[in-house]
Number of protein chains: 2
Amino acid sequence: MNLPQPIIQLTEELAKLPGIGKKTAKRLAFAILFKADEEAEALSKAIKNAKEHIKTCRNCFSFSDDEICQICSDPKRNQEIICVVEDPRNVFTIESTSIFTGVYHVLQGAISPLQGISPDKLRISELEQRVANGGVKELILSTNSTLEGEATAHYLVNVFKGRVDKISRIARGMPAGADLEFADSNTLARAFEGRTDFND
Amino acid sequence: MNLPQPIIQLTEELAKLPGIGKKTAKRLAFAILFKADEEAEALSKAIKNAKEHIKTCRNCFSFSDDEICQICSDPKRNQEIICVVEDPRNVFTIESTSIFTGVYHVLQGAISPLQGISPDKLRISELEQRVANGGVKELILSTNSTLEGEATAHYLVNVFKGRVDKISRIARGMPAGADLEFADSNTLARAFEGRTDFND
């Protein structure tokens, strides 16, 4: 005897999420079944709503609920400093430290020959366009401290050297090989403060 | 600056699930945003579908996609032996061992004075009705090996003594204080084989 089909289906969909194994998925499926109807519907709708309303900012390529994200359209943000990250999640992680008052540019990945990700697959030409439009003084390269992140940072230095006043890399306050997502606020804050200048 | 509202909402809904903290919820929310539209919709629909189509079996009070569940309506199952459990999840956990060929009765909880769960809040009168209808020879009390589970088993012994040929309790193959959900198949199988007779 198997579980009723709708439970199997829900368990399978939940198990597709990262870090959710078969047993956890089953546990979550039953937790959803035990919920009140309106609570389960709220979860179902939140998924649908997020997918429908979250777009990519046309300027920085982070997640946004508008054509241009809140950060890019905020007159209080310093448009002269662009923090370059791999992933939209990194924007929100850095924002949670409140240490950075400039704007962002999301590459949507990092150079990885093994995974077939070449520089032209990243949002680099769009960053070149933003720099060409003028007013950008500094690029803070905040790609991950992984092999791919470092390679991407070095590639960007070669592309943008001479085109902006300053190119910096966030300090290795983080352990080598670590992902930006797993850094705590203090480590990230130190990494921002101790950023090193590529032009030195 | 905060996350866009639809992401906050999704994160909050995910964080309401048991064992999902704030950080995991955020990770899952982004994983859902990174999914293809049809994959995210499949998850959203699976939640909705499960809530809409899963009902409680009118006979045994387990989860079912029909008025009467597959186990209760299966002519190959031995209707003379009823395995009494606290929770619909327990049914599926026991089913996964394939050791039991009788039918179930889900109490939908256990007696717990601290949580205000008295015997009349459980599906005990419905079990009395099933026994009164005749044909039931044995009750296997498979409530958890917790204080509440043991108390419920003892309460049921007093209620059903003399009304059925045999009342048994699954053996303490499981460590005391453990929840039925976390037992492995072998432990559960041994617990079924070594069940002790209350009438002895």
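The structure under discussion appears in the preceding block.
Predicted, not measured: the structure shown is a model, and the values here were computed from it.

1. Focus: the state of the cysteines
- Evaluation of the coordinates by the stated rule reveals zero disulfides over all chains.
- There is no disulfide at A:C69, and the cysteine sulfur nearest it, in A:C60, is 3.7 Å away.
- Left without a disulfide partner, B:C72 is nearest to the cysteine sulfur of B:C60, which lies 3.7 Å away.
- Judged by its relative accessible area of 9%, B:C72 is buried.

2. Description of the relation of the copies chain B and chain A
- With an RMSD of 0.1 Å, chain B superimposes on chain A once it is rotated by 180 degrees and translated 0.0 Å along the axis. One copy is carried onto the other by what is essentially a two-fold rotation axis. Judged by C-alpha distance, B:S44 is the residue of chain B that lies nearest the rotation axis, at 2.3 Å.
- Same-surface contact between copies: 98% of interface residues of chain B are shared with the interface of chain A.

3. A short note on helix α4 (residues 88–95) of chain A
- In terms of residue burial, α4(A) counts as a mostly covered element, since seven of its eight residues are buried.
- Among the residues of α4(A), those classed as buried are A:P88, A:N90, A:V91, A:F92, A:T93, A:I94 and A:E95.

4. Digging into the interface of chain B and chain A
- Listed per partner, the contact involves 54 residues of chain B and 53 residues of chain A.
- Where chain B abuts chain A, roughly 4,900 Å² becomes buried across the two surfaces, and 73% of that area is made up of carbon and sulfur atoms.
- Applying the counting rule to chain B against chain A returns two salt bridges.
- The shortest N-O distance in the salt bridge between B:K51 and A:D37 comes to 3.6 Å.
- Linking chain B with chain A are seven residue pairs in polar contact (both at pLDDT 80 or more).

5. Here we look at the packing of aromatic side chains
- Tallied over the entire structure, the rule returns eight aromatic pairs over all chains.
- Ring plane angle 25 degrees and centroid distance 5.7 Å describe the contact between A:F63 and B:F30, whose orientation is recorded as stacked. With A:F63 in strand β2 (residues 63–64) and B:F30 in helix α2 (residues 22–34), this residue pair bridges two chains.
- On the basis of relative accessible area, B:F30 is assigned to the buried category, the value being 1%.
- Geometrically, the ring pair formed by A:F92 and B:F30 is tilted, given 5.7 Å between the ring centres and 35 degrees between the ring planes. Here A:F92 is found in helix α4, whereas its partner B:F30 is found in helix α2 on a different chain. The pair A:F92 / B:F30 is uniform in exposure class, with both members buried.
- Counting every residue linked through ring pairs, the aromatic cluster contains A:F30, A:F34, B:F63 and B:F92.

6. Regarding helix α6 (residues 147–160) of chain A
All names here are of chain A.
- The end-to-end C-alpha separation of α6 is 20 Å, in line with the 20 Å expected for 14 residues at 1.5 Å each.
- Within α6 the residues assigned to the buried category are G149, E150, T152, A153, L156, V157, V159 and F160.
- On the buried face of α6, the contacting elements are β3 (78–85), α5 (124–132), β5 (138–141) and β6 (166–169).
- With its phi angle positive at about 90 degrees, G162 sits one or two positions after the end of α6.

7. Considering the environment of A:E52
All names here are of chain A.
- As for its placement among the helices and strands, E52 is situated in helix α3 (residues 37–53).
- What makes E52 exposed here is its relative accessible area of 52%.
- Once the C-alpha coordinates of E52 and A191 are considered, the two residues, 139 residues apart in sequence, prove to be 35 Å apart.

Criteria and thresholds
- Residues numbered from 1 in each chain as written.
- Chains lettered and ligands numbered in written order.
- Predicted model: local features only at pLDDT ≥ 70, side-chain atom pairs only at ≥ 80, totals over all residues.
- Heavy atoms only, no water.
- Disulfide = S-S within 2.5 Å.
- Buried < 20%, exposed > 50% of the residue type's maximum accessible area, 1.4 Å probe, protein only.
- Least-squares fit on C-alpha atoms with pLDDT ≥ 70 in both.
- Contact = heavy atoms within 4.5 Å.
- Helix = DSSP H or I, 4+ residues; strand = E, 2+ residues; numbered from the N terminus.
- Buried area = accessible area lost by both parts, 1.4 Å probe.
- Salt bridge = Lys/Arg side-chain N within 4 Å of Asp/Glu carboxyl O.
- Polar contact = N/O pair within 3.5 Å; in protein donor to acceptor, adjacent residues only side chain to side chain.
- Phe/Tyr/Trp six-rings, centres within 6.5 Å; stacked < 30°, edge-to-face > 60°.
- Expected span 1.5 Å × (residues − 1).

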